[in-house]
Every structure is written in C-alpha cells, then in structure tokens.
Amino acid sequence: MERVLIVCSREICYRSSNFFAHQIGAAYEEAGFRADICELSEEDDMDAVLEPLLGKPYRLILDFNSKLPHFEMEDGVPYLDRLCGPFFDYLVDHPLFHHNALMTKAKNMHALVLDEGQRDYVKACYPQVCSVDMLPLGATQALYEGEKANECRILFPGTYDSPEGIYEIVKASPEPFCGLMKQVIERRTAEPLLSMERAFAQVLEEIGMELSAERFALFMNAMYASDAFIRDYFRKKALDALLRRRLPVTVMGEGWEKYRYADESSLKRERAVPFGLSFERIAKEHILLNVSPIFNRGMHDRIPAGMANHTVVLTEQNPWVETHFAVGEELACYDLAELSSLGELAGELVESPGRRQRMAEAAYRKFLACHSWACRAQEILALADALPRDVTGGTR
C-alpha cells in the first residue's frame, strides 16, 4: 500500500491545520493510500519525532503553514531534502507571512497557495521554491442533518480586530515602512481588488524606488500590518452595511467584542468554536457571509464550507470567483467597492427562501464535483506525480 505523509507542525487559529490534516488524510485513505499523520507540539523532541520519517518512501508529503522548511539536520542539510517524497507547504494566508519558510535552502520545497496573484508573487520573489500552484482549500460536510434554523440570519464565522488598533501598529513602525504602509492602505481601501503586492509595486514606482525581488519580499514581510488592516477594515465596512439595514447578523469567532456600531439591535455575537464544530454551526444557518479581500484572485475556505452545508454563500466578487462559479446561481456576489450592493443583495436573500434553496442545491452539487477534500487530495496527487524525480525517489 502506497503512503502519504500529512504533518501538523504549526497550530493555526481554531486548530484548523489539524482539522485540515485529518480531513485530507481521510480522503487519501478512502482513495486506497495509507495516510500517516504526524502531529507536532512545542513540547516535542523534534529530532526524536521526525527521525523515524526519514527513509520511508511517500507518494507525497503535506503540511499547512509548515515549520519544517526551517529545520536542518546536524550536517546542515535541510530536513526536507532528507524526506523521500515531494514536500508541499499549503499556505493558508498571504505568503508574505511565510517569508522565512519560503527562503529555505531546501531543494524539495513546493508551495500551494489560495490565490492566483499570490502564486505569481511566490514565483517572482522566491525562485528557490521548486514549484508553486494555486489550489483552494476543501471543505467538510457537517454531521448535522436537521432542519435549518427558524429565523433566517446571516452568519459570519471569522476573527475580527479593530482596524484602528492595527493602524496604530502602522503609525508606530519606523520609516520608510510607516509611510509605505500608509500609501498601500490608501490604494487598497480605494480599490479593493488591488492586491498587497500590486499596491506596493505601484507605490514604489510612484516614488521612484527600486527593489530587487529579494528586498521586495523582505519589505512585504515587514509591512504585514497593512494586509491585516485591509482584512478588518472591510469586515467592519461589510458588517456596518448589513446593520445599517437592520438585517439579522450573527458573528462567531474571536475579537468581536472590539466591533462597534451605532445600532447593534440586529447583531448577535457568539464565541469561537474549534474549527471542526464550525461546520455544524454553518449547517444550521441559511446564509454565510464571506469577507476576505486578502484573496482577491482566489477564495477563502468559507466559500466551499457554505456550499458543502446547503448554506447560501454571500461573498465579495473577484475575477477568480466569477470565472469558476455561476454567480447568482451557485454564489451570491457583492461589490466591495460599492457596499450598498451587499445590503441590497443580503436583504433580497433573507426575504427569498425559494431562491436560497435553489442556490444552495446548485452550490452543493458544485461542491461535490469540485471542492471536497477528496477532490483536493487527487489534485495534489496529480501535482506530485507531475514533478521530475531523481534516482532516490525524491524530487529535484
């Protein structure tokens, strides 16, 4: 029986990386592989845990926001290069946050990202990465098979931080980063589909500053706060637009005590739950809101999560979504640049149970065909099998 290795080397918010690992591991088991899952913790003796994995042939090796690219053997050889099988690091947020991992000297480093623009960014700024492909995350069907809630509410499961608080980090940064970040933020708030890297490149051109690809990536990493600001700036704007129309909204996750609006009479706040339980919560709601402008040529996993659980997804439009989905039939899309469209569209969905049912059924069919973990497992396998192999069975 052929093996795949799924590693959990870093705990991501709500323990999502562990959940992803077990879901895709189960998909490989269903496909006839033996899926070895290795979960690491800060208390582990890394050498003792990782050494038994060396020398075992794996069809592929996968981790999420991995720490493994940082590890070296006693002789200085990157740990990844001692693994027998192609290693994929699935980056679930912008690659700028993973600068050090992407700077690895390993020759067995392959990246998966959630956005086509971010794929191009890694190719341009990290030529040492052997391959990079855009591949959205999969999603999971809840065990819950009961009826939807009696009241139609709009659920947003996600984290929030005060944009004003993040902007204080921007203002406290040394020059030239403070000024650069302010200009990037100004451009991206005015043009929501403008990515971090494109906005930064425009600013550099305007001020006549040239950076090598390596320095460009280093500056991007140092300016992480501007990307974080954009996320929460538009989350607040979206929630404001819904509450302005007194539409029923539920937010679930960490940080929402920091959110404020003049009239919160139609807003409910719920505590965060472990990632696996979020699907059970999504399955009970009628509408799922997605606000992720940091993936403006790709998609966040909230989108397939709603599709998998017969919940209508209300998401911002972007070129990738418009190309890969039937907008209006499988997804409902609003315009971040004109947020009045969100309130109008959300109001129509709340008042249209028949339309919601038709959209949810179409989206569920699309999920089964294209966005389950079984689909992702086969897509990653195809990427691994397309890589050139050396005589030891590794990649080169």
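Use the structure listed above.
Notes on the structure in this doc start here. (Residues numbered from 1 in each chain as written. Predicted model: local features only at pLDDT ≥ 70, side-chain atom pairs only at ≥ 80, totals over all residues. Heavy atoms only, no water.)

What to know about the overall build of the chain
- For the chain, the count of helices and strands is 15 helices and 12 strands.
- In summary, the chain has a C-alpha radius of gyration of 21 Å against a globular reference of 21 Å for 396 residues, a match within 12%.
- With the principal axes as the frame, the chain shows a C-alpha extent of 65 × 55 × 40 Å.
- Considering only residue pairs separated by 6 or more positions, the chain has 68% of its internal contacts joining residues 24 or more positions apart.
- Counting every atom, the chain has about 17100 Å² of accessible surface; 50% of that belongs to carbon and sulfur.
- Looking at the chain, you have 44 positive and 61 negative side-chain charges, and the mean spots of the two groups are 3 Å apart. (Helix = DSSP H or I, 4+ residues; strand = E, 2+ residues; numbered from the N terminus. Rg over C-alpha atoms; globule rule 2.2 N^0.38 Å. Contact = heavy atoms within 4.5 Å. Areas by Shrake-Rupley, 256 points an atom, 1.4 Å probe, with all protein chains shown as cover. Lys, Arg positive; Asp, Glu negative; His and termini not counted. Charge placed at Lys NZ, Arg CZ, Asp CG, Glu CD.)

Considerations on the pattern of salt bridges
- Per the stated rule, a full pass over the model turns up 21 salt bridges.
- The salt bridge involving arginine 82 is made with aspartate 75; its shortest N-O contact spans 2.4 Å.
- The salt bridge involving aspartate 263 is made with arginine 246; its shortest N-O contact spans 3.0 Å. With a gap of 17 residues between them, aspartate 263 in the loop between strand 8 (249-252) and strand 9 (267-270) and arginine 246 in the loop between helix 9 (224-244) and strand 8 connect regions that are remote in the sequence.
- By relative accessible area, which is 59% here, arginine 246 ends up exposed.
- Through salt bridges with shared partners, one network takes in Glu2, Arg59 and Asp385. (Salt bridge = Lys/Arg side-chain N within 4 Å of Asp/Glu carboxyl O. Buried < 20%, exposed > 50% of the residue type's maximum accessible area, 1.4 Å probe, protein only.)

Observations concerning the packing of aromatic side chains
- Enumeration according to the criterion identifies 22 aromatic pairs in this entry.
- Ring geometry for phenylalanine 20 versus phenylalanine 275: centroids 5.1 Å apart, planes at 75°, classification edge-to-face. Of this pair, phenylalanine 20 sits in helix 1 (residues 16-30) while phenylalanine 275 is found in helix 10 (residues 275-283), placing the two residues 255 residues apart along the sequence.
- Ring-pair connections join several aromatic residues into one group, and the members of that group are Phe19, Phe20, Phe64, Tyr90, Phe275, Phe279 and Trp373.
- We note lysine 284 situated over the ring of tyrosine 144; from NZ or CZ to the ring centre the distance is 5.0 Å. (Phe/Tyr/Trp six-rings, centres within 6.5 Å; stacked < 30°, edge-to-face > 60°. Lys NZ or Arg CZ within 6 Å of the ring centre and 35° of its normal.)

Things to note about the sheet that holds strand 6 (residues 131-134)
- Overall, parallel pairing links the six strands, which are arranged 2-1-3-4-5-6 in an open sheet. For this open sheet the edge positions go to strand 2 (34-39) and strand 6, each flanked by a neighbour on one side alone. Adjacent strand axes in the sheet meet at a mean angle of 20°, parallel and antiparallel pairs treated alike.
- When strand 5 (residues 110-113) meets strand 6, the two strands line up parallel, connected through four bridges. From the neighbouring strand, alanine 111 faces strand 6, where its bridge partner is valine 132.
- In the packing of helix 1 onto the sheet, contacts are made with strand 1 (3-8), strand 2 and strand 3 (61-64), and the angle to strand 2 comes to roughly 165°.
- Taken strand by strand, helix 4 (residues 116-125) contacts strand 5 and strand 6, and its axis lies near 170° from that of strand 6. (Pairing = 2+ DSSP bridges. Axes fitted to C-alpha atoms, helices over the stretch in contact; angles between N-to-C directions.)

Overview of the side chain of aspartate 232
- Assignment of secondary structure puts aspartate 232 in helix 9.
- The buried category is assigned to aspartate 232, whose relative accessible area is 0%.
- Discounting chain neighbours no more than four positions away, the residues touching aspartate 232 are Thr159, Tyr160, Asp161, Pro163 and Ile166.

What about the pairing of strand 4 (residues 87-90)?
- On strand 4, burial covers both faces: Phe87 and Asp89 on one face and Phe88 and Tyr90 on the other are all buried.
- Sheet topology note: the strand 3/strand 4 ladder contains four bridges and is parallel. Bridge pairing links leucine 62 to phenylalanine 88 in strand 4.

Notes on the packing of helix 1 against helix 15 (residues 373-385)
- Orientation of helix 1 relative to helix 15, taken along the N-to-C sense of each, is 75°, at an axis distance of 8 Å. Relative to helix 15, the element helix 1 is oriented roughly perpendicular. For the pair helix 1 and helix 15, contact is made by Phe20, Gln23, Ile24, Ala27 and Tyr28 and by Trp373, Ala374, Ala377, Ile380 and Leu381, respectively.
- When the residues that make up the contact of helix 1 with helix 15 are grouped by side-chain class, the tally is nine nonpolar, one polar and no charged. (Parallel < 35°, antiparallel > 145°, perpendicular 65-115°, else oblique. Nonpolar A, V, L, I, M, F, W, Y, C, P; charged D, E, K, R; others polar.)

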